[in-house]
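A look at the structure
Here is how the chains run, residue by residue.
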There are 2 protein chains.
Amino acid sequence: MFTPVPVGWIRSPYTETAQIPKGCGVQHVAEGVIEFAAEYEVGLTDIDGFSHLYVIWVFHRANGFDLLGAPPIDTRPHGVFATRSPRRPNPIGLTVVELLGRQGTRLAVRGVDMLDGTPVLDVKPYLSSVSDAKLRRGWLAEVEDRRKTGQCG
Amino acid sequence: MFTPVPVGWIRSPYTETAQIPKGCGVQHVAEGVIEFAAEYEVGLTDIDGFSHLYVIWVFHRANGFDLLGAPPIDTRPHGVFATRSPRRPNPIGLTVVELLGRQGTRLAVRGVDMLDGTPVLDVKPYLSSVSDAKLRRGWLAEVEDRRKTGQCG
């Protein structure tokens, strides 16, 4: 295996998990910054041309994991690998952000759902999408269907 | 930070990196298996309903990193965070696979581009895509344009 090192940190409007929008049909539009450690700046060469990035980061406040848990959107428990729960065997988060601009080691991005100060492990270019026609979204789609006349209306 | 643990391993047709299709417009259609350690099986509950999954894994044969490198598709160097190079500060790989079926701890998937025996750190449901209309693909799109009459025809 390997020893994870932070290559940067998230600057986000969220300082507590309760502030992060969650649940049914939520859109993450909050703006933030990925601030890279100076030693990695050269690794950002040419990143400016990509509209979207994958950010791989650490749930640094999570402590332990649950194999089954009910996410905020549902009352029924689901397996951790079928959810985005922070309580995972490896506390790794994944977020797709839109790249708004770059100034040196700082990437301005839209779509942060991480806490301020979150350590970043990696950033990768977002290269292609799965078409909506091919996508099935399991229990999440079921919950949305059940709530069509409710809070997701 | 945290100490990474494998939650499973990839079974793939590829035993050497040279066998993995790379470069311009490549489609990853190889089938493989994500074999979870028995202790994590409960964490797969309800995963069957998702058509696509993110797999977060370890480049276990990579040794060290380069902040700048020329990917197989291009002769010009790019920053490591603008490529999928295995030689990254944290040797973490990310692949979107299509879930074909599950038998206990084994997920049959399509789209593997990992070596056989690759340790898996996490699996997450793929919930939404960036629309093609919004996606810009930086240097990769430029290379594809330059090669339109060449090997990417």
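Per chain, residue numbering runs from 1 following the sequence as it is written. Going through the entries in the order they are written, you letter the chains from A and number the ligands from 1. Restriction of local features to residues with pLDDT of at least 70 applies here, the model being predicted, together with a cutoff of 80 or more for giving and counting side-chain atom pairs; totals for whole chains, interfaces and linings are based on all residues.

Runs of H or I in DSSP of at least four residues are treated as helices and runs of E of at least two as strands, each being numbered from the N terminus. Looking only at helices and strands, chain A features one helix and eight strands. Our radius of gyration looks at C-alpha atoms and nothing else; its globule reference is 2.2 Å times the residue count to the power 0.38. A globule of 153 residues ought to have a C-alpha radius of gyration of about 15 Å, and chain A, at 17 Å, matches this closely. In chain A, which comprises 153 residues, the share counted as buried stands at 35%. Contacts spanning at least 24 positions in sequence make up 73% of the contacts within chain A whose residues lie at least 6 apart. Counting other C-beta atoms within 10 Å of a residue's C-beta gives its exposure: the residue is buried at 20 or more, exposed at 12 or fewer, and partly exposed in between, where C-beta atoms are placed from the backbone. Two residues qualify as a contact pair if the distance between their C-beta atoms, derived from the backbone, is within 7 Å.

Our next topic: the interface of chain A and chain B. Contact residues are listed per partner, giving 52 residues for chain A and 52 residues for chain B. Ranked by residue count, the leading element in the side of chain A that touches chain B is strand β8 (residues 119–125) of chain A, at six residues. Its residues placed into classes, the side of chain A that touches chain B shows 33 nonpolar, ten polar and nine charged. Any residue that is not Ala, Val, Leu, Ile, Met, Phe, Trp, Tyr, Cys, Pro, Asp, Glu, Lys or Arg is counted as polar, Gly included; the first ten are nonpolar and the last four charged.

Residues and elements named next belong to chain B. With respect to topology, six strands assemble into a closed barrel ordered β1-β2-β7-β6-β3-β8, the strand pairing being antiparallel. If you compare each strand with its neighbour and ignore which way they point, the axes differ by 45° on average. Two strands pair if DSSP finds at least two bridges between them. In terms of strand pairing, strand β1 (residues 8–11) meets strand β2 (residues 31–36) through four bridges, oriented antiparallel. Residue pairing in the sheet places Ile10 in a bridge with Ile34 of β2. Here an angle of 0 to 180 degrees is reported between the N-to-C directions of two axes, which are lines fitted to C-alpha atoms, with helices fitted over the stretch in contact.

As a further point, take unusual backbone geometry. Residues and elements named next belong to chain A. In this model, Asp46 sits at a positive phi of 75°, which is unusual for a non-glycine residue. With respect to the helices and strands, Asp46 occurs in the loop between β2 (31–36) and β3 (52–58). A residue is classified by how many C-beta atoms lie within 10 Å of it, and Asp46, with 20 of them, is buried.

The atoms used to superpose the copies are C-alpha atoms, taken from residues with pLDDT of at least 70 in both, and the fit is least squares. Once chain A is rotated about the relating axis by 180° and shifted along it by 0.0 Å, it coincides with chain B to within an RMSD of 0.0 Å. In short, the pair behaves as if placed about a two-fold rotation axis. Taking C-alpha positions as the reference, the residue of chain A nearest the rotation axis is Ser129 of chain A, at 2.7 Å. Taken together, the interface assignments show that 100% of the residues at the interface of chain A recur at the interface of chain B, consistent with an identical surface on both copies.

Residues and elements named next belong to chain A. With antiparallel pairing, six strands are arranged side by side around a closed barrel as β1-β2-β7-β6-β3-β8. Adjacent strand axes in the sheet meet at a mean angle of 45°, parallel and antiparallel pairs treated alike. Judged from the seven bridges that link them, β3 and strand β6 (residues 92–103) form a sheet pairing that is antiparallel. Across the sheet, Leu53 pairs through a bridge with Val97, a residue of β6.

Residue and element names in this part refer to chain B. Where helix α1 (residues 138–146) is concerned, the buried positions are Trp139, Leu140 and Val143. Axial view of α1: buried residues confined to an arc of 105°, hence all on one face. Next to the buried residues of α1 lie β5 (78–79). Arc, as used here, means the arc of the directions from the helix axis to the C-beta atoms.

Residue and element names in this part refer to chain B. Considering the arrangement of structural elements, one finds Arg61 in the loop between β3 (52–58) and β4 (68–69). Its 12 C-beta neighbours within 10 Å are what place Arg61 among the exposed residues. In the structure, Arg61 is positioned ten residues away from Ser51 in sequence and 29 Å away in space, judged by C-alpha atoms.

Here we take up the pairing of β8 of chain A. Residues and elements named next belong to chain A. Burial analysis of β8 places six of its seven residues in the buried class, which makes it a mostly covered element. As judged from the two bridges shared by strand β1 (residues 8–11) and β8, these two strands associate in the antiparallel manner. Counted as the bridge partner of Trp9 is Pro119 from β8. With five bridges joining them, β3 and β8 adopt antiparallel strand pairing. Within β8, the position partnered with Trp57 by the bridge is Val120.

All names here are of chain A. For Phe36, the position within the fold is in strand β2. Taking C-alpha positions, Phe36 is 42 Å from Arg146, a pair spaced 110 residues apart along the chain. Non-local contacts of Phe36, meaning those with residues more than four positions away in its chain, are made with Val7, Gly8, Glu41, Leu44 and Thr105.

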